[in-house]
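# Secondary and tertiary structure notes
Listed below are the residues making up each chain.
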Amino acid sequence: MNNVDRLEVHPRIIAALKKAKLTSLATLLCMSAADLERATKLSFFDIAILLKAVSYSLPCPPMRTALSLYNIQAKGEGSPWGHKLSLGCQILDEFLHGGILKQGITEVTGESSCGKTQICLQLCLTVQLPEEKGGLEGGAVYISTEDVFPSKRLHQLTQCFAKNQASHPSAVKINFSDNVFIEHAADVDDLRNIINHRLPVLLNRGAIKLVVIDSIAALCRVEYSFGETSKRANVLRSFGAQLHKLSAQYAIPVVCVNQVSDVIQSDKNSGISDGKQRSVIPALGMAWSSMVTMRLMLSRTEQLIQPLNQALDGRDIDPVIKRRLRVIFAPHLPNSTCLFYVSGDGVHGYKENHQERE
């Protein structure tokens, strides 16, 4: 039986649909009222009745209020955003209400040497942990577009994570270095080929639970001139749409590193101040910002702090640079700031008079 036969409309309308070879309900919903009038020769009144009948015939997902979603999360019955990926630090996980969102694109932006790559490398290791420890029990794909991939730093972090796992007798032994797949993109066409063709093949095997692109801005800012902003915007939207599709299809988080641009305007509120009497904003403009689900901005200060952890041999650890992690926007978090530092064994949150909040 054709789909249109199930509609509760006059047989005359169904006959007109069959004559026009419009038998799919999905096709009818994708057509405008004017197109349906031209194709079926029906009146505007008949088309209104037809579209109403089609909408009533399709299954409707259950509706939920914002209060019901809040109550579900408050009672600990689950999160409307699903399981999150831990950053490997209790302070940072508490600040982000569990970690990185499992679905959508999480952007990590900031100036050079602020810790963007360090966080991405750490996520490549935490994703391999069991779910009860904040992981997703899978590997990671790291797409590098800027400098040479920091394999020595990844090896250092891998050794630290392996030691932490060895300290728990009941923990499952994980060979962290075997589950990080590295791709290099030399230009925009290479990155497009990886995202559209090679990445889906790898994800289809089921072993990958995280995709990292470091960075999304490096290639686009070099290959497109100032007069090609429209062309660059179309490319960025196509990248974002494909990454969202893969994230939803395979239920994996996508983390994209972005660069920043200086704010030229004199209005101090137009950008994000880094505490040095200057303001910066994430690069790539609104075309890319509209594709981002969660935006985190990192900044580096000139202040030194004493790490909370101590060396394994009992000696004190040298002071490290204080850094800030700021939530610019997220569907489940307020705009707020947390302190952190980077040491030899990874990225760690730092509580100094608790955390700063705007």
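Report on the accompanying structure. Just so you know, these numbers come straight off a predicted model, no measurement behind them. (Residues numbered from 1 in each chain as written. Predicted model: local features only at pLDDT ≥ 70, side-chain atom pairs only at ≥ 80, totals over all residues. Heavy atoms only, no water.)

### Brief notes about the overall build of the chain
Inclusion rule: Every helix listed is a DSSP run of H or I at least four residues long, and every strand listed is a run of E at least two residues long, numbered separately from the N terminus. Three labels apply to residues, based on accessible area from a 1.4 Å probe with only protein chains included: buried if under 20% of the type maximum, exposed if over 50%, partly exposed otherwise in between. Note on contacts: a residue pair is in contact if any heavy atoms of the two residues lie within 4.5 Å. For every accessible area listed, the method is Shrake-Rupley and the probe measures 1.4 Å; residues are considered covered only by the protein chains on display.
Broken down by element type, the chain carries 12 helices and 13 strands. Within the chain, the proportion of its 358 residues that are buried is 47%. For the chain, long-range pairs separated by at least 24 residues make up 64% of all intrachain contacts whose partners lie at least 6 apart in sequence. Carbon and sulfur atoms make up 53% of the accessible area of the chain, which amounts to about 19200 Å² in all.

### Describing helix α1 (residues 11–19)
What counts here: Directions pointing from the helix axis toward each C-beta atom define the arc.
Buried within α1 are the following residues: Ile13, Ile14, Ala16 and Leu17. Seen along its axis, α1 keeps its buried residues to an arc of 160°; they face one direction. Projecting away from the buried face of α1 at angles above 90 degrees are the exposed residues Pro11 and Lys19. Along its buried surface, α1 packs onto α2 (25–30), α3 (33–40) and α4 (44–57).

### So, the side chain of Arg295
Locating Arg295 in the fold gives a position in strand β9 (residues 294–305). Arg295 sits in the buried class, given a relative accessible area of 5%. When neighbours within four sequence positions are excluded, Arg295 is seen to be in contact with Glu107, Thr109, Asn258, Pro282, Trp288, Ser289, Arg326, Val327, Ile328 and Phe329.

### Things to note about the pairing of strand β5 (residues 254–258)
Defined as follows: When DSSP finds two or more bridges between a pair of strands, those strands are recorded as paired.
For β5, the tally of buried residues reaches five of five residues, placing the bulk of the element in the interior. Residues of β5 alternate between two faces, with Val254, Cys256 and Asn258 on one and Val255 and Val257 on the opposite face, all of them buried. Here five bridges tie strand β1 (residues 105–110) to β5, and the two strands are oriented parallel to one another. Bridging from a neighbouring strand, Thr106 pairs with Val255 of β5. Here strand β4 (residues 208–214) runs beside β5; their pairing, made up of three bridges, is parallel. Looking at β5, one finds that Val212 is bridged to Val255.

None of this, on its own, says anything about what the molecule does.
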